[in-house]
Amino acid sequence: MSSLSLRSLVKRYDETEVVKSVSLEVAEGEFVSLLGPSGCGKTTILRMVAGLLAPTSGQILIGGEDVTRLPPNRRNLGLVFQSYALFPHLTVADNVAFGLRRLGVKGAELSGRVTEALARVRLGHLGDRYPRQLSGGQQQRVALARSIAPRPGILLFDEPLSNLDAQLREEMQIELKQLQAELGLTSIFVTHDQHEAMTLSDRICLMAGGVIQQIGTPEEVYLSPATGFVADFIGSPNKLSGTMRGARVDLGGGIALTSANDTLADGTPVRVTLRQEDVAIAPIADDAGAGAIEGTIRLRLFEGASVQFLVAVAEGVELLARVAQQDPRATLAPGDRVRLSVAPERVFVAPAGAAGA
Amino acid sequence: MSARRISGLWLIAPVTVLLVVGFLAPTAIMGMLSLRNYSGMSGIGDSWTLENYIGVITDPFYLTIIGRTLLLGVIVTALCLLLAFPLALFILRSGPKVQTASILLVIFPLLCNIVVRSFGWMVLLAPRGIINEALIGAGLIAHPLPLMYDLTGVTIGLVQIFLPFMVLLLIPALQNIPADVEAAALILKASRLRTFFTITLPLALPGILTGSILVFVLSISALVTPRMLGGPTYRVMATQIYEEFMTNLNWPGGAALAFVLTVIALALIWGANRIGNRLTRGISGGNS
Amino acid sequence: MMPRRNSVWIVLAAAAVLIFMNAPTVVVVLASFTKTTYLTVPPKGWTLHWFAEVLGDDGYLRAIGTSLWLACAATILSLIFGTMVSYALHHRMVPGREAILSLVMAPLVFPAVVIGVALLQFVSLMGLRGNTLILVLAHVLITLPYVVRSAMASLVGINPQIEEAAQVLGARSFTAFRLVTLPLLKPGLMAGCVFSFVTSLDNVPVTIFLLTPRQSTLPVKIYAAVDQGVDPSIAAASTLLIAGAAVALIIAQWRTSLTRFF
């Protein structure tokens, strides 16, 4: 296993800087996700790490060795593609053997390691098949086996699960996490799916516009977003605009919330982010505590595990709130008067028009 | 320069050299030569002149040849279209087995040598050839029909030679016509024939145009078939160019004629591309 | 397209056109077996005499030899150079993609006789008349479009990431191409290869200007022989070329089911 460090990595195409001086340290055995919307530069970084794209400037170190100028075949990496990129003219076993053969592995050792890699992904019985004879999930597993068979220093994933349907994706997430933990693989995982990133990662590196917005554990990124962009991107947010009035945020229509953020000057126009799951909803009879806003339920959306409410709180101001399906409040109905409240530390404010969006 | 760009340049290097040495440079040199005067002694004179071009476009001898070549192109193209249409429709409407068999029968002559095919026509069309002998034998005619050494023979030969191209280009053109458009016309009680002329034909127009231009350009450039079926005296542009170079040794004059032929061919292709683009845009509603 | 029944008229017309298209070749093949010294169909009696005559004639044998090695050399070079240039153009590794492609394809529509005389002039000025290499290169020039067209079409169907996958797995870029892209290109290149071979084997309008009087290829030899008088040995030589075309067609249909491309 190897560590990875990116030092002031820049990628420029003509006039556009796709990656703007990105630095990142990944420890041995660590699982780090590069998360962000499309065009944020995450795939570009992955391709530079793999050696498929040359950086404009900056350094890439694998296990402390500078590999910036090395071709992909000399970096000892594994890469799992979104399209799987299996070799269609080779059997599953030959696909897995490809990397081993390049290392000069032969004979009994070769077949042993192919069998072992296929067993790891529970495809030991399909070695003789061709990729086109397999389902999407099986193809994905072959791609995984092919990448781990040569025992790479770092395993790279380029949105590997996004071609699978929802159920299969969850299964594969668990399998992937188990495999990574067993083998202690250093992994870089590119995704635009925040749930996938949070489920799998030791740390998340959230990117936008070619810049790292925040690096932290899933908890840190979720609970204390560093920028307005992170707050907006993670969770299912209500996005509002308002103005600072002391420690409170005026949302217009006579509605105001207390925010724990007290660094912004009075009168500053701000973007306000409230996660749906942070918006506490209660029947009007209950005492919902300080800072409560009254409103009327307009819509009730049953989602299975949870129930979502659209609540009109003032002229032109509507908030989404979400409660678990087992929660007694899940039985509230459209037309009911409710009280909404948000804990001050869950009210994220950022100056309006700030970078990162 | 990136490593990728450098390997790219290596990859195109052989073909680039070949194109420059084998195509661009010879054509450019010929262009210069066509502007030299013709000297009876060495063939190529020392002074610059437009004489050769003026000769080609004013001398009745050359004008007859150019006119004949263009007329031949028009007739061959029209006949190819006329014959290719029913065959293309037949192939499209047949089951897979008949389809494969007919396409093989279309491709096979394409793979057969042009000299061999022209020779086949000589055997058939000659004054004492198979067709004339058969007709005389049957008592239908007393004297052999003149089927060769004139427009008839050259036309028959060229039509047969270029027909496969037309068929193979018409098939995709007709295939692209949505079946429901034709069906809709039929449901609206348009007759089969009317549907063909108002729906099928216009929609196939871009393909027809491509095929026609190709056949026309190939016909006016053809050397072997006109020489074999037209004989030494019935000249077209390509055979005349051959004569100028190989028999008369008037290279500047031959080069000028070659350039006139090239300009006609390239201008047609260029023009057809422009019209074709407009047609395609009109049909696909500008989403291409 | 909705499968619609063919009317009797279309079937008759199509059959007539197919007969017209294949008539000259059938006539030549039949005539080559005749026992008479003149050409006649149906042949009067059956003999292989004319084939023996062709295959016993030094001039014909040399011409067949020249035709075959020329077609082989031109096809092999076309395959190599054509695949290289297609790869670079497909992956947009160099600027001027459209211009290069149009130039490569130009010999398909550029009057062949013009290419022939231009090359004749060029080699005369360079003092290279009768040079075999020039002949090969001229044939590469006219066969290249077929290879490039089929290679470009095949490359479109290949996921560019599989070559990257091979590289990341430790293959140098050429190894990745050889082990992954090339096997996938093979069926498409096969069709280009057949067309390239047949085009080279058939060519007269360019070849005839580049041969010295002592050299000949089979079609040029037949072309010249016809001028000196027609006899069944010419039909026999032609039949050999027709047989070659038939073999090429069968190989192409068998290996790549050629008819799919149309």
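One numbering rule holds for all chains: residues counted from 1, following each sequence as written. Numbering of ligands from 1 and lettering of chains from A proceed in the order in which they are written. Local features in this predicted model are restricted to residues whose pLDDT is 70 or higher, and side-chain atom pairs enter the listing and the counts only when it is 80 or higher, whereas totals over whole chains, interfaces and linings include all residues. Values shown for side chains rest on all heavy atoms present in the structure; no hydrogens or waters enter the calculation.

A. Expanded view of the arrangement of the chains. We call two residues in contact whenever any of their non-hydrogen atoms come within 4.5 Å of each other. Considering every one of the two pairs of chains in contact, the largest contact total is recorded for chains B and C. For chain A and chain B, which are not in contact, the least C-alpha distance works out to 8 Å.

B. Structural view of the sheet that holds strand S7 (residues 154-158) of chain A. Residue and element names in this part refer to chain A. A pair of strands is treated as paired once DSSP finds two or more bridges between them. The helix count covers DSSP runs of H or I at least four residues long, the strand count covers runs of E at least two residues long, and both are numbered beginning at the N terminus. Taken in spatial order, the six strands make up an open sheet running S6-S7-S8-S3-S9-S10, and their pairing is mixed. The outermost strands of the open sheet, each flanked by one partner alone, are strand S6 (77-80) and strand S10 (211-216). Between one strand axis and the next, the sheet turns by 15 degrees as a mean value, whatever way the strands run. As judged from the four bridges shared by S6 and S7, these two strands associate in the parallel manner. Its bridge partner being in S7, Gly78 is matched across the sheet by Leu155. With respect to the sheet, helix H1 (residues 42-50) is in contact with strand S3 (31-35), S6, S7, strand S8 (186-191) and strand S9 (203-208), its orientation differing from that of S7 by roughly 145 degrees. What counts as an axis is a line fitted to C-alpha atoms, over the stretch in contact for a helix, and the angles between N-to-C directions run from 0 to 180 degrees. The strands that helix H4 (residues 136-148) touches are S6 and S7; relative to S6, the one it contacts most, it runs at about 170 degrees.

C. Local environment of helix H5 (residues 114-125) of chain B. For a helix, the expected span equals 1.5 Å multiplied by the number of residues minus one. The first and last C-alpha atoms of H5 of chain B sit 16 Å apart over 12 residues, in line with the 16 Å expected at 1.5 Å per residue. Burial analysis of H5 of chain B places 11 of its 12 residues in the buried class, which makes it a mostly covered element. Three labels apply to residues, based on accessible area from a 1.4 Å probe with only protein chains included: buried if under 20% of the type maximum, exposed if over 50%, partly exposed otherwise in between.

D. Just the nonpolar core, in detail. Counting residues in hydrophobic clusters, the biggest one holds 203 residues, and the most contacted among them are Leu87 of chain B together with Ile222 of chain C. When residues of this core are assigned to their parent elements, the largest contribution, 14 residues, is made by helix H3 (residues 60-93) of chain B. Leave out the neighbours within four places in its chain, and Ile222 of chain C touches Val115 and Val116 of chain B together with Tyr60, Ile234, Ala237, Ser238 and Leu241 of chain C. Residues Leu100, Ala143, Ile148 and Leu185 of chain A belong to the second largest nonpolar core, which totals 33 residues. Take the buried residues of types Ala, Val, Leu, Ile, Met, Phe, Trp, Tyr and Cys, join any two whose side-chain atoms come within 4.5 Å, and each joined set is a nonpolar core.

E. A look at the sheet that holds strand S20 (residues 348-351) of chain A. Residues and elements named next belong to chain A. The antiparallel open sheet is built from five strands, whose spatial order is S13-S12-S11-S14-S20. Across the chains shown, the open sheet's two edge strands, defined by having one partner strand only, are strand S13 (255-258) and S20. Across the sheet, the axes of successive neighbouring strands diverge by a mean angle of 40 degrees, strand direction being ignored. Here strand S14 (residues 269-275) pairs with S20 via four bridges, running antiparallel. Each residue of the ladder has a partner; that of Arg271, found in S20, is Ala350.

F. A look at the pattern of salt bridges. Residues and elements named next belong to chain A. Definition used for salt bridges: Asp or Glu carboxyl oxygen within 4 Å of a side-chain nitrogen of Lys or Arg. Within this structure, the stated rule accounts for 21 salt bridges over all chains. A salt bridge links Glu182 to Arg120; the nearest nitrogen and oxygen atoms lie 2.8 Å apart. Of this pair, Glu182 sits in helix H5 (residues 166-183) while Arg120 sits in helix H3 (residues 107-120); the two residues are 62 residues apart in sequence, bridging distant segments of the chain. The structure contains a network of salt bridges with shared partners spanning Arg122, Arg141 and Glu175.

None of this, on its own, says anything about what the molecule does.
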